[in-house]
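A structural walkthrough
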Amino acid sequence: MIISTYDKEHLHRSFGIELGDVDLGPVEAFGVGANFARVPPGTHSDPHQHDETETFAIFSGQGDIVVEGKRTPITAPMVVQFEPFESHYLDNTGDCDIFFTTFYWRDSPRAVKKAERTDRRRFGERPVFVFSTPPTPNGGLHIGHLSGPYLGTDAFVRFQRMNGAEVYHLAATDDFQSYVAECARREGRSPEQVADSYATEIKETLAAMDIHPDQVNHTSREPGYQEALRRFFTRLVDSGMVRPLQGEALFDGETGQYLYEPYVDGGCPGCGTETGGNICEVCGEPNFCVDLTDPQPTIGTATPRRGSIVRYMLPLHELRADLLEHHAVGRAPAKVRELANRLFTTRDRLDVALTHPSDWGVRPAQDDVHGQVIWAWIELAFGFIYGIETLGRKLGKDWSASAPADDWKIVHFLGYDNTFYHSIFGPALYKIANPDWTPDVDYNVNEFYLLDGDKFSTSRRHVIWGKDILSPDSVDAIRFYLSLTRPETRRTNFTIEGYEAVVRQTLVGGWQRWLGDLGARLEERYGGIVPDAGIWSPEHTAFLVSLENWLGVLTSSLGQDGFSLNRAAKALDGLVADTLRFSELERPTADIADWKDYARTAIALELAAAKLLAHCAAPVMPRFAAMLADGLGIEAPTRWPALVTLVPAGTRAHLAGQVFFTDPANSDADLLPWLSGAVTEALALSGAADPDSTLVALGSTSMQAIALQYQILQRTGIDVPIDDLLGGRTLAQLAEMIGQSAQDVGVTV
Ligand SMILES: [Zn+2]
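These lines cover the structure that appears in this document, whether it is placed above or below. (Residues numbered from 1 in each chain as written. Predicted model: local features only at pLDDT ≥ 70, side-chain atom pairs only at ≥ 80, totals over all residues. Heavy atoms only, no water.)

**Description of the overall build of the chain**
Basically, it comes down to this: Helix numbers and strand numbers start at the N terminus; a helix is a DSSP run of H or I with at least 4 residues, a strand a run of E with at least 2. Relative accessibility thresholds used throughout: buried, under 20% of the residue-type maximum; exposed, over 50%; partly exposed, between the two (1.4 Å probe, protein chains only). Note on contacts: a residue pair qualifies if any of its non-hydrogen atoms lie within 4.5 Å across the two residues. Per-residue accessibility takes into account occlusion by the displayed protein chains alone, with areas from the Shrake-Rupley method and a 1.4 Å probe. Under the counting rule used here, the positive set is Lys and Arg, the negative set is Asp and Glu, and His together with the chain ends is not counted. Think of each charge as sitting on NZ of Lys, CZ of Arg, CG of Asp or CD of Glu.
Of regular secondary structure, the chain possesses 21 helices and 26 strands. If one aligns the C-alpha atoms of the chain with their principal axes, the spans along those axes are about 100 × 85 × 45 Å. Per-residue burial over the chain gives 54% buried out of 749 residues. A separation threshold of at least 6 residues defines the contact pool for the chain, and within that pool the share at least 24 residues apart is 75%. Roughly 32,100 Å² of accessible area belongs to the chain as shown, and the carbon and sulfur atoms make up 52% of that amount. Here the chain carries 65 positive and 101 negative side-chain charges, and the mean point of each set is 2 Å from the other.

This is the structure we're talking about:
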């Protein structure tokens, strides 16, 4: 027998509370670790998660057990068991200690099972609010923007929805940014006009990318928004932490204009790189303009002068511990945590101005900073919870920005240059304004996407606008290429040549060629009807396992814990490449009668691969996925598959001749020369057919028209009705009509 008693003189601090050893012998021998634990009144243990299964035996105290944001009251004595990776902590809301003993042990099969294939892990039944960074409406969206937060959010939401989550894509435009006012000055318009016109352009570009948010707020137009923002700001002030204080600032040497954000450049105090005011895109650190080395105005040439001004100030450094805790609640990638660590360890103080002199923005309710507005980055943080409130109004839910709830699961998609605002500044404001709320936030951060090796730049016209490259024909190819190459771990580079090569070689030359060939074989051997699988060879079984593995890779690539479109796009192509290999291996016996029961298994498995592709591609390439499912004769892919399954035997498929992707280099080809040649041949004319003649005028019979119809179908995939061929259209008009139809369905002619 081993007896271990509680010794209050020998406690150590861990997980934010006091722990005492329970001696049950070495963990290696016994398999179970244990501790006594005490949570003093008014405190809580650190939220955390781990691979061990853990049991709490709680003897006394009052408060809550919080698991994945959900609170359950403690009714001691009680026993609670946590599954591996369940995020948990104890919150003592009573006035005496919570005493408990914890037992934990490693059960690897259980942990692996919990980590994989549980697509609702951490999210459970909670509402999931996914935010794409609100763009500043001082320009349209280029493919650099699109590749990052917007495509990321859309694919993430589509995957979650397929898995049955209550998930919403929330978007906004960040109208009151100083960059909008500066753009208005340059363009000779009012900031309202600038914000409105670019908001429209942004909306159209997102729609062309097949991105349709569930909620879009425009901060300068949203009724009730400004009053709500003022109330949020007042809560910050009422906390006593945010106060009007005299501090140093930069002013234009000639005009005396207050310099910040778009109005000043200089050397970053963090990394030395040339940067704009307030944030460095390279190292991610904020600056306060007065700390820029060799500051220069962006308008005029006079050397800026230092002056003094009273603004509302936040001593951000005092919130370090709260931010550490915040980054442990949701998914905060190492880069996010590293930035926070760097900021708080390299600087003694981080005094951030929360109001700035400007005519564009929302004035605080307080009247002690005349001529100043609430900083737009406060609006970013507030705008998220306000977005949830406005979405709730639409859905009849009582979500309130003034009382945000612990069960809200928030997911952000952002560029690294916004990390400070999203993951450090914003949560600090929440802590002050809503101290009872524990925001549970996942951060998905992307790096910079370059164009031909250089930064996207509107002013230098070094840019590809979404509106110029997106069309119904190209959108899925663009989405695939951006998924494949978007900068998830480091800067990556976009080139038009690279994009066209991937479309030509991978999507048209690989995927489309396989699917067309599969459809043709199905037509030829089985009359287009999906056969039942017959006898399985060892290779067949191995291929099924391989498909299961791809499903596993795709599930984890698109899931919330390790979301990566780079990995998802690679896996989609890997799935096709594997299937092409399998198809080639099976080909030799495809037509041998003695092996027909094996041959139908092989083709059934290829069709199962196509079905898996239709489902797994849906979050990334929704149009292609729907079209492929339709070609396979199965329902639209709205549910994420739990298993690889065969296409039901007897299904009528129509894969042959389907055109899913268009080679960008061929999309504008003129059909007329080819059509004239085909007509000359079909009608056995002595000279070249006159483009301004009709087929009837050239003497075409019905049989000849049918032959021609077949040739057009073979060449373009377009089935032109005989009545149209023999109607009043000239050859030139027919060529144009076929070309148009081809373009409408994304066919290469
Ligand atoms: Zn820097």
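Structure's up, so let's keep going.
**Side note on the side chain of Glu379**
Formally: Each reported salt bridge corresponds to a side-chain nitrogen of Lys or Arg within 4 Å of a carboxyl oxygen of Asp or Glu. Between N or O atoms, a polar contact is any pair within 3.5 Å; within protein, one atom must be a potential hydrogen donor and the other a potential acceptor, and residues adjacent in sequence are included only when both atoms are from side chains.
Considering the arrangement of structural elements, one finds Glu379 in helix α9 (residues 376-395). It turns out Glu379 is buried and unbridged, and the closest side chain with the opposite charge, Arg230, is 10.0 Å from it. A distance of 2.6 Å separates a polar atom in the side chain of Glu379 from a polar atom in the side chain of Tyr225. Discounting chain neighbours no more than four positions away, the residues touching Glu379 are Phe176, Thr219, Tyr225, Leu229 and Ile374.

**Details of the pairing of strand β9 (residues 98-105)**
Note the threshold: DSSP bridges decide pairing: two strands pair if at least two such bridges lie between them.
Where strand β3 (residues 33-39) lies against β9, seven bridges are found, and the strand directions are antiparallel. Looking at β9, one finds that Ala34 is bridged to Phe103. Here strand β4 (residues 53-60) runs beside β9; their pairing, made up of seven bridges, is antiparallel. Across the sheet, Ala57 pairs through a bridge with Thr101, a residue of β9.

**Re the packing of aromatic side chains**
Short version of the rule: Aromatic pairs are defined between Phe, Tyr and Trp rings, using the six-membered ring for Trp, whenever the two ring centres lie within 6.5 Å; interplanar angles under 30 degrees are classed as stacked, those over 60 as edge-to-face, and all others as tilted. Here, a charge over a ring means that NZ of Lys or CZ of Arg falls within 6 Å of the ring centre while also lying within 35 degrees of the ring normal.
Per the counting criterion, the structure on display carries 41 aromatic pairs. Judged by centre distance (5.6 Å) and plane angle (50 degrees), the ring pair of Trp511 and Phe624 falls under tilted. Note that Trp511 is positioned in helix α13 (residues 496-526) and Phe624 in helix α17 (residues 622-632), a separation of 113 residues in sequence. Connected via pairs of aromatic rings, a cluster forms that spans Phe129, Tyr168, Trp399, Trp408, Tyr430 and Trp437. Sitting above the plane of the Tyr416 ring, Lys335 keeps its charged end 4.3 Å from the centroid.

**Observations concerning the sheet that holds strand β24 (residues 449-451)**
Spatially, three strands are ordered β25-β24-β26 in an open sheet, and the strand pairing comes out mixed. On the outer flanks of this sheet lie β25 (454-455) and β26 (492-494), each paired with one strand and no other. Bridge count for β24 against β25 is two bridges, and the pairing is antiparallel. The residue bridging Leu451 from the neighbouring strand is Asp454, located in β25.

**What about helix α14 (residues 538-558)?**
The criterion, for reference: Given a helix with a known number of residues, its expected span is that number minus one, times 1.5 Å.
In this model α14 runs 31 Å from its N-terminal to its C-terminal C-alpha over 21 residues, within 8% of the 30 Å that 1.5 Å per residue would give. For α14, the secondary structure elements touched by its buried residues are α3 (143-162), α15 (565-586) and α16 (596-616).

**A word on the coordination of the zinc ion**
Expected angles at a metal are 109.5 degrees for tetrahedral coordination by four donors and either 90 or 180 degrees for octahedral coordination by six donors. Heads up, the condition is: Sodium, potassium and calcium take a 3.2 Å donor cutoff, other metals 2.8 Å, and in both cases only N, O and S atoms count; water is not among them, so sites may look incomplete. Angle rules define the geometry names used: all angles between 85 and 135 degrees makes four donors tetrahedral, while opposite donors over 155 degrees apart and all other angles between 65 and 115 make four donors square planar and six octahedral, leaving every other case irregular.
Distances from the zinc ion to its protein donors, namely Cys268 (SG), Cys271 (SG), Cys280 (SG) and Cys283 (SG), fall within the range 2.2 to 2.3 Å. Classification of the site at the zinc ion as tetrahedral follows from its four donor atoms and the range of 105 to 115 degrees in their angles at the metal. Sequence spacing of the donors to the zinc ion: C-x2-C-x8-C-x2-C. Neither Cys280 nor Cys283 differs from the other in exposure class; each is buried.

**Details of the pattern of salt bridges**
A complete count under the given rule lists 43 salt bridges for this structure. Note that Asp91 and Arg71 form a salt bridge whose closest N and O atoms lie 3.0 Å from each other. With Asp91 in strand β8 (residues 88-92) and Arg71 in strand β6 (residues 70-73), this residue pair connects regions lying 20 residues apart in the sequence. For Asp91, a relative accessible area of 12% corresponds to the buried category.

**With respect to the sheet that holds strand β12 (residues 215-218)**
The strands making up a sheet associate through backbone hydrogen bonding, with each pair oriented either parallel or antiparallel. Counted only if it meets this: Lines are fitted to the C-alpha atoms to define the axes, a helix being fitted only along its stretch in contact, and any angle between axes, read from their N-to-C directions, falls within 0 to 180 degrees.
The strand order across the open sheet built from five strands is β12-β11-β10-β22-β23, with neighbouring strands paired in parallel fashion. The open sheet has two free edges, formed respectively by β12 and β23 (440-446), since each of these has just one partner strand. Along the sheet, successive strands turn relative to each other by an average axial angle of 20 degrees, direction set aside. Strand direction decides the pairing type here: strand β22 (residues 409-415) and β23, joined by seven bridges, are parallel. Bridge pairing in β23 places Lys409 opposite Asp440.

**Examining the environment of Arg305**
Along the chain, the position of Arg305 falls in strand β18 (residues 305-315). Sequence separation between Arg305 and Val264 is 41 residues, and the spatial gap between their C-alpha atoms is 12 Å. Aside from chain neighbours lying at most four places away, what touches Arg305 is Ala249, Leu250, Phe251, Asp252, Gly253 and Gly256.

**Section: the side chain of Ser676**
Residue placement: Ser676 occurs in helix α18 (residues 672-682). In contact with Ser676, not counting residues within four places along its chain, are Ala689 and Leu731.

**Regarding the nonpolar core**
Generally speaking, soluble globular proteins have nonpolar side chains that are buried together. Threshold: Side-chain atoms within 4.5 Å are what join buried Ala, Val, Leu, Ile, Met, Phe, Trp, Tyr and Cys residues into a set we call a nonpolar core.
In terms of nonpolar packing, the biggest core is built from 87 residues, with Phe494, Trp511, Leu572, Leu613, Met621, Phe624 and Leu628 touching the most fellow members. Of all the elements, α16 adds the most residues to this core, at ten residues. Apart from residues lying up to four places away in sequence, Phe494 is in contact with Ile143, Tyr449, Leu450, Leu451, Asp452, Ile464, Ile469, Tyr481, Leu482 and Tyr499. Judged by nonpolar contacts, the second largest core, of 80 residues, contains Phe129, Leu250, Leu314 and Tyr430.

**As for helix α8 (residues 334-346)**
Across its 13 residues, α8 extends 18 Å between first and last C-alpha, which sits within 8% of the 18 Å expected from 1.5 Å per residue. Those residues of α8 that fall on the buried side of the exposure criterion are Val336, Leu339, Ala340, Arg342, Leu343 and Phe344. Packing partners of the buried residues in α8 comprise α7 (320-329), α10 (419-433) and β23.

**Notes on the environment of Ile718**
For Ile718, the location among the structural elements is in the loop between α19 (702-716) and α20 (722-725). A relative accessible area of 10% means that Ile718 is categorised as buried.

**Let's talk about the packing of α7 against α10**
Axis angle and axis distance: for two packed helices, these are the angle between their axes and the distance between the axes, and together they describe the pair. Which entries qualify depends on this criterion: The scheme is simple: roughly parallel for angles under 35 degrees, roughly antiparallel for over 145, roughly perpendicular for 65 to 115, oblique for anything else. Ten residue types, Ala, Val, Leu, Ile, Met, Phe, Trp, Tyr, Cys and Pro, are classed as nonpolar, four, Asp, Glu, Lys and Arg, as charged, and the remainder, Gly among them, as polar.
Their axes nearest at 10 Å, the elements α7 and α10 cross at an angle of 110 degrees. By the angle between their directions, the pair α7 and α10 is classed as roughly perpendicular. Side by side, α7 and α10 meet where Asp322, Leu323, His326 and His327 of the first sit next to Ser423, Ile424, Pro427, Ala428 and Lys431 of the second. Here the residues of the contact of α7 with α10 are counted per class, giving four nonpolar, three polar and two charged.

**With respect to the pairing of β6**
Bridging between strand β5 (residues 63-67) and β6 involves four bridges; their strand directions are antiparallel. Its bridge partner being in β6, Ile65 is matched across the sheet by Thr72.

**Topic: the packing of helix α6 (residues 225-238) against α9**
Using the following cut-off: Each crossing gets its hand from how the near helix is turned against the far one by less than a right angle, where anticlockwise is left-handed and clockwise is right-handed.
For the pair α6 and α9, interaxial distance at closest approach is 11 Å and the crossing angle is 115 degrees. In this view, α6 runs roughly perpendicular relative to α9, as classed from their interaxial angle. As for how α6 packs across α9, the hand of that crossing is right-handed. Between α6, through Tyr225, Ala228, Leu229, Phe232, Phe233 and Leu236, and α9, the contact on the second element is made entirely by Ile378, Glu379, Phe382, Ile385 and Tyr386.

**Overview of the state of the cysteines**
The following threshold applies: Disulfides are defined in this document as cysteine sulfur pairs within 2.5 Å.
The final tally for this structure, using the stated rule, is zero disulfides. No disulfide involves Cys183; its sulfur sits 20 Å from that of Cys289, the nearest cysteine. Assessed through its relative accessible area of 0%, Cys183 is described here as buried.

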